[in-house]
Amino acid sequence: MTRATTLLNPLREGLRLERIPDPCVMVIFGASGDLTRRKLIPALYNLAYDGLLPPGFSIVGYARRAMADDEFRASMRKAVERFSRRQPIDEDVWQTFARGLFYLEADFSEVRAYDRLGELLERIDRERGTGGNRIFYLATPPDAYELIVERLGEAGLSHPSDRNSWVRLIVEKPFGRDLQSAIELNEHLLRFFQEEQIYRIDHYLGKETVQNILALRFANTIFEPIWNRNYIDHVQITVAESIGIEERGGYYERAGALRDMVQNHMLQLLSVIAMEPPIAFEADPVRDEKVKALRAIRPIRPEEVDAIAVRGQYGPGFIGGQPVPGYREEPKVDPNSQTETYVALKLFIDNWRWADVPFYVRTGKRLPRRVTEIALQFKQVPHRLFTGPAAAGLEPNTLVIRIQPDEGVSLNIAAKAPGPRVRLRTVSMGFLYGTSFLVQAPDAYERLLLDCMLGDSTLFTRRDETEAAWLPITRILQGWAEQPPPRFPNYDAGTWGPAEADDFIARDGRRWRRP
Amino acid sequence: MAELQTRRLLPRVEGTTIDVDAIERELADLWRSSGRFDARGVEVALSRTSVLTLFVYTIDSARAEQAKELIDQLSSEHPSRVVLLTAMDQKASGPEQPGAEVSIQCKLGVAERYAPCYEQITIGMPANALDLLPSLLIPLALPDLPSFLWWMGPPPLDDRRFLRVARAVDRVIVDSLDFTRPVHDLVLTRRLYNQLRGQDTVLSDLNWARITPWQEMTARIFDVPQSRWALDALTDVWVVSGRFEHWPANPSQALLYLGWMASRLGWEFDDAMSRPEGCCLCMKDAAGQRIEWNICFEPYAARLHGHLLSVRFQARQGGEQATFTIARGGLERGTVKLRAQNEQQVLLEYAFHHALFDLRRLLVRELQTLAADPLYEAALREAEGLASLVEQWFA
Ligand SMILES: NC(=O)c1ccc[n+]([C@@H]2O[C@H](COP(=O)([O-])OP(=O)(O)OC[C@H]3O[C@@H](n4cnc5c(N)ncnc54)[C@H](OP(=O)(O)O)[C@@H]3O)[C@@H](O)[C@H]2O)c1
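Let us look at the structure shown here. What you are looking at is a predicted structure, and each value in this text was computed from that prediction instead of being measured.

1. As for the overall build of chain A
Next up, step 1: The number of helices and strands found in chain A is 14 helices and 18 strands.
Next up, step 2: At 25 Å, chain A has a C-alpha radius of gyration in line with the 24 Å of a compact globule built from 515 residues.
Next up, step 3: Along the first, second and third principal axes, the C-alpha set of chain A runs to 85 × 60 × 45 Å.
Next up, step 4: Counting the 515 residues in chain A, one finds 57% classified as buried.
Next up, step 5: For chain A, the accessible area works out to roughly 22,500 Å², and carbon and sulfur atoms hold 51% of it.
Next up, step 6: Of note, chain A has its 68 positive side-chain charges centred 5 Å away from the centre of its 71 negative side-chain charges.

In structure tokens form, the structure reads like this:
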């Protein structure tokens, strides 16, 4: 294949399938690691299976341990057999996919290795028609990010070789440990890459969810007029997990629930709920509005942290009838650990729309069930016509956006129960995305990898977004650091968190939902 | 997957027509009385989200069975109303002739706390019921939601009453794979398409959707910058379809596929000739270069009768030559494979699985689209022109 032309392809127009990315190579740093094996390669294979990858698509795995290309292919095949949602493996698809897999064995620090990488990429461009388009994926321990980026920059790999090609960088979470380290990391990346080239991943927020919420809010006329302080009493965002920390004690000890969940995922959810309508359904206009919402979070002074935050750590208990150990008994966890596995926060967004509406945000491990939901609870009616037994047990209107399990939306309304007497009941009207629209939502990693190849950064966090999200979190961390150590553990595994969290919301005359 | 199911039979009272009000009444009653607990005694909320009404008309009971199976597979993702209208065999008239049956089917275990449900209405129709169909389609469609009519079996394209039936819904889905006289009926399909233009009904052909994987792979060959030249330098194309034993060859897919390419690339018809196993249509591209388009058939199992099996393009320009072969393969033949080569070497190999080789996914996709497909319209126009030229060889 020698001759290249840039003529348009008239056959492409109007086809009903999705857009296909340009041929490209993805270089995965940390290719022998857990993330590559469990998520990245299965997601890429699934994309190949569904015909969403371009012809010639190639992967270069970069890691330390010795492996030949064929061994790398064999081990990736095992990963696909084990973790892909497409079973059994399709031989034809696998063969053409595997032909594009290459392995480079080197330490991240080795300068010469990046020259070898450059040569390999050029060879792939020549042989497989990838046209100089590259994605560098940092699936490595976070402390390697800066080194790799620097080496790529020094080797001249961080910029496209010509005007028609592109180079992108995907950075995994966690992105920094606090505001200062996030700023430093951003500055370091931006010495070698442009902001438009950087894709900071937050795999929790799959495109479907964000788009579902945006569609609900902005494709309907009935919600937006009441989506504000005049009608909404408060918002509760819950990310409850029934699992513990699995095998990730080492990581979790350094992170804790606030960093692991709230800084990224939960503030993402909050910003999508709180944002103003974007001027267009495109990456930057959407992110502009999200950042504005995050920036409007009422500043937190470290000394008032007790008034807005509760933390907890689970002790032993039961999940689904099975006894489970407490956090401090988990492997690789300090027996006196002060790491929080539960947080509840009360945040305010100081703007015209949300002034004085509390956003209660809570997340925890080893809670009774796995559920992620956002509930907007509306105010009571201004004048109660129905009181006494007629209205006993009546709940205020609540719009619940459920993300998992069973992604869907439900609205609780009051209705009269049939019969001669007036008795009101709360009824739930709901719908589920999965069962209403005949299609399975694609896996979050598949969507994100494809978006990056297509140059769509809507779902990736921009520099200002990460920093805006770190600011309140850092203030809370500072406040905690100044306090005497908490008395942990303070909730049993399998319960809805510490009693303090119930008191915390009860002080405002409200209570947590039992989702 | 467990299922909650409640059904009720509405016997037909001799001499009366089908009572739509009674059907709605029974359904409402079923919703009121149906159980709310699964086998473990756990309470589930029956969820009745409606996105569309699907009417399925089957011309015989064998097809009705096939339709039922398919609807059942769709049901966990398909919380709508399905109305199955089956033409009863003539000989089954009399007391055995069933009336209507209504049921509510809910899948348990799809979602944690909800059981998605759909309503199914089954109606036995007299054999020649074109006249009365609109009077059922209109009142039984859920208000404010799109309605689809999937015609299983050869549609009576030359019957003027079929137009009235089509106008009663938002989208009519036919299948040119099922046509009795495939080539001639393609001409009639175009006529119906034109008659419905400007109305609220869109006509679509499942068989057109079946060639999507082929179109996608074809487009992808020429997306690759290094092979783009070949699109303006095609000399020969072989399109091979399956043919089962003595069944008459069905070239609908091949003609629609050619119709698509011709309409996209501005090819014009030059001449046509019969070949032992098919025919050859000679086209001229925009630059006046001749392209021989061979429509061929290969003996194959009934399952793939009339389906494209492979397409081979040959291109030549100056000293350069290349061949591109697209073929089905893999498990269940659900994979499309591409191989590009020149005289010396293989240039590119590529494969993906295509969901649209599966009838269920094909149908789902049809149910997701409401707007007319301009590509289909253009391809059908070309295919119709070509069909009338080759009709003699496929009679
Ligand atoms: N695992 C997950 O499910 C998950 C989920 C979300 C985010 N993440 C993030 O993804 C990143 C990777 O996580 P992981 O779980 O995949 O980590 P991991 O299993 O520890 O893998 C680390 C990889 O980096 C390579 N590596 C480490 N130091 C190296 C060096 N100096 N030179 C060359 N290669 C080196 C290792 O290669 P060798 O083993 O060959 O030495 C291995 O391939 C982390 O930032 C993590 O926070 C992971």
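2. Points about the pairing of strand 5 (residues 167-171) of chain A
Residues and elements named next belong to chain A.
Next up, step 1: Among the five residues that make up strand 5, five are buried, leaving the element largely enclosed by the rest of the structure.
Next up, step 2: In strand 5, alternate side chains face the same way, and those of Val167, Leu169 and Val171 on one face and Arg168 and Ile170 on the other are all buried.
Next up, step 3: In this sheet, strand 5 lies alongside strand 4 (residues 134-138) in parallel orientation, the contact comprising five bridges. Pairing of Phe136 across the sheet is with Leu169, part of strand 5.
Next up, step 4: After leaving strand 4, the chain enters helix 5 (residues 145-154) and then returns to the sheet as strand 5, a path that is right-handed.

3. Describing the state of the cysteines
Chemically, a disulfide is nothing more than a covalent bond linking the sulfur atoms of two cysteines.
Next up, step 1: Here the structure, examined in full by the defined rule, presents zero disulfides over all chains.
Next up, step 2: Counting only cysteine sulfurs, Cys280 of chain B is the nearest neighbor of Cys279 of chain B, a cysteine outside any disulfide, at a range of 7.4 Å.

4. Structural notes on the pattern of salt bridges
Next up, step 1: Per the stated rule, a full pass over the model turns up 59 salt bridges over all chains.
Next up, step 2: Residue Arg151 of chain A pairs with Glu154 of chain A through a salt bridge whose shortest N-O separation is 3.6 Å. Linking Arg151 of chain A with Glu154 of chain A, this pair stays in helix 5, spanning three residues, or about one helical turn.
Next up, step 3: Judged by its relative accessible area of 48%, Glu154 of chain A falls in the partly exposed class.
Next up, step 4: In this structure, Arg290 of chain B and Asp270 of chain B form a salt bridge, with 3.1 Å as the shortest nitrogen-oxygen distance. Note that Arg290 of chain B is positioned in strand 13 (residues 290-299) and Asp270 of chain B in strand 11 (residues 268-275), a separation of 20 residues in sequence.

5. Considering helix 8 (residues 249-274) of chain A
Next up, step 1: Remark: the principal bend of helix 8 of chain A, roughly 95 degrees, maps to Gly256 of chain A.
Next up, step 2: The buried fraction of helix 8 of chain A is high, at 22 of 26 residues.

6. A short note on the environment of Asp131 of chain B
Residues and elements named next belong to chain B.
Next up, step 1: For Asp131, the location among the structural elements is in the loop between strand 6 (114-125) and helix 3 (134-140).
Next up, step 2: Asp131 gets classed as partly exposed once you look at its relative accessible area, which sits at 44%.
Next up, step 3: Here the alpha-carbon distance between Asp131 and Phe162, two residues 31 residues apart in the chain, equals 8.6 Å.
Next up, step 4: Apart from the residues lying within four places of it in its own chain, the contact partners of Asp131 are Arg161 and Arg164.
Next up, step 5: For Asp131, the side chain forms a polar contact with the side chain of Arg161, separated by 3.1 Å.

7. Quick look at the side chain of Thr363 of chain A
Residue and element names in this part refer to chain A.
Next up, step 1: With respect to the element layout, Thr363 can be found in strand 13 (residues 359-364).
Next up, step 2: The exposure class assigned to Thr363 is buried, which follows from its relative accessible area of 2%.
Next up, step 3: Polar contacts involving the side chain of Thr363 include one to the main-chain carbonyl oxygen of Val239, which spans 2.8 Å.
Next up, step 4: Sequence-distant contacts of Thr363, defined by excluding residues within four places in its chain, comprise Val239, Ala257, Met261, Val262, Met266, Thr341, Tyr342 and Val343.

8. Points about the packing of helix 6 (residues 179-192) of chain A against helix 13 (residues 463-481) of chain A
All names here are of chain A.
Next up, step 1: Contact geometry of helix 6 with helix 13 gives a least axis separation of 8 Å together with a crossing angle of 165 degrees. Classified by the interaxial angle, the pair formed by helix 6 and helix 13 is roughly antiparallel. The hand of the helix 6/helix 13 crossing is left-handed. From helix 6, Leu179, Ala182, Ile183, Asn186, Glu187 and Leu190 reach across to helix 13, where they touch Arg463, Thr466, Glu467, Trp470, Leu471 and Thr474.

9. Concerning the environment of Val102 of chain B
Residues and elements named next belong to chain B.
Next up, step 1: Among the secondary structure elements, Val102 is positioned in strand 5 (residues 100-107).
Next up, step 2: Judged by its relative accessible area of 0%, Val102 is buried.
Next up, step 3: With 94 residues separating them in the primary sequence, Val102 and Arg8 have C-alpha atoms 5.5 Å apart.
Next up, step 4: Aside from chain neighbours lying at most four places away, what touches Val102 is Thr6, Arg7, Arg8, Leu10, Ile23, Glu26, Leu27, Leu30, Gln120 and Ile121.

10. Side note on the side chain of Thr466 of chain A
Residues and elements named next belong to chain A.
Next up, step 1: Checked against the element boundaries, Thr466 lands in helix 13.
Next up, step 2: For Thr466, a relative accessible area of 5% gives the class buried.
Next up, step 3: If near-sequence neighbours (up to four positions away) are discounted, Thr466 is found in contact with Phe175, Asn186, Arg200, Gln263 and Thr461.

11. Observations regarding the pairing of strand 15 (residues 398-404) of chain A
Residue and element names in this part refer to chain A.
Next up, step 1: In terms of residue burial, strand 15 counts as a mostly covered element, since six of its seven residues are buried.
Next up, step 2: Note: strand 14 (residues 371-378) against strand 15, six bridges, orientation antiparallel. Each residue of the ladder has a partner; that of Leu376, found in strand 15, is Leu399.
Next up, step 3: Direction of pairing for strand 15 relative to strand 16 (residues 408-416): antiparallel, over a ladder of five bridges. Within strand 16, the residue paired with Val400 across the bridge is Ser410.

12. Quick look at the packing of aromatic side chains
Next up, step 1: Counted by the stated rule, this structure contains 30 aromatic pairs over all chains.
Next up, step 2: Geometrically, the ring pair formed by Phe29 of chain A and Phe108 of chain A is edge-to-face, given 6.1 Å between the ring centres and 70 degrees between the ring planes. Of this pair, Phe29 of chain A sits in strand 1 (residues 25-29) while Phe108 of chain A is found in the loop between strand 3 (101-105) and helix 4 (111-128), placing the two residues 79 residues apart along the sequence. Across this residue pair, the class does not change: Phe29 of chain A and Phe108 of chain A are buried.
Next up, step 3: Ring centres 5.7 Å apart and planes at 70 degrees place the aromatic pair Tyr193 of chain B and Tyr376 of chain B in the edge-to-face group. Here Tyr193 of chain B is found in helix 5 (residues 182-196), whereas its partner Tyr376 of chain B is found in helix 10 (residues 374-390), with 183 residues between them in sequence. The residues Tyr193 of chain B and Tyr376 of chain B share a single accessibility class, namely buried.
Next up, step 4: Taken together, the aromatic side chains of Phe29, Tyr62, Phe108, Tyr114 and Phe136 of chain A make up a single cluster linked through ring pairs.
Next up, step 5: Arg298 of chain A extends its terminal NZ or CZ atom over the ring of Phe348 of chain A, reaching a point 4.3 Å from the ring centre.

The rules behind each value
- Residues numbered from 1 in each chain as written.
- Chains lettered and ligands numbered in written order.
- Predicted model: local features only at pLDDT ≥ 70, side-chain atom pairs only at ≥ 80, totals over all residues.
- Heavy atoms only, no water.
- Helix = DSSP H or I, 4+ residues; strand = E, 2+ residues; numbered from the N terminus.
- Rg over C-alpha atoms; globule rule 2.2 N^0.38 Å.
- Buried < 20%, exposed > 50% of the residue type's maximum accessible area, 1.4 Å probe, protein only.
- Areas by Shrake-Rupley, 256 points an atom, 1.4 Å probe, with all protein chains shown as cover.
- Lys, Arg positive; Asp, Glu negative; His and termini not counted.
- Charge placed at Lys NZ, Arg CZ, Asp CG, Glu CD.
- Pairing = 2+ DSSP bridges.
- Right-handed = clockwise from strand over helix to strand, strands pointing away.
- Disulfide = S-S within 2.5 Å.
- Salt bridge = Lys/Arg side-chain N within 4 Å of Asp/Glu carboxyl O.
- Bend = angle between axes of the 7 residues up to and from the residue.
- Contact = heavy atoms within 4.5 Å.
- Polar contact = N/O pair within 3.5 Å; in protein donor to acceptor, adjacent residues only side chain to side chain.
- Axes fitted to C-alpha atoms, helices over the stretch in contact; angles between N-to-C directions.
- Parallel < 35°, antiparallel > 145°, perpendicular 65-115°, else oblique.
- Left-handed = near helix turned anticlockwise from the far one by under 90°.
- Phe/Tyr/Trp six-rings, centres within 6.5 Å; stacked < 30°, edge-to-face > 60°.
- Lys NZ or Arg CZ within 6 Å of the ring centre and 35° of its normal.

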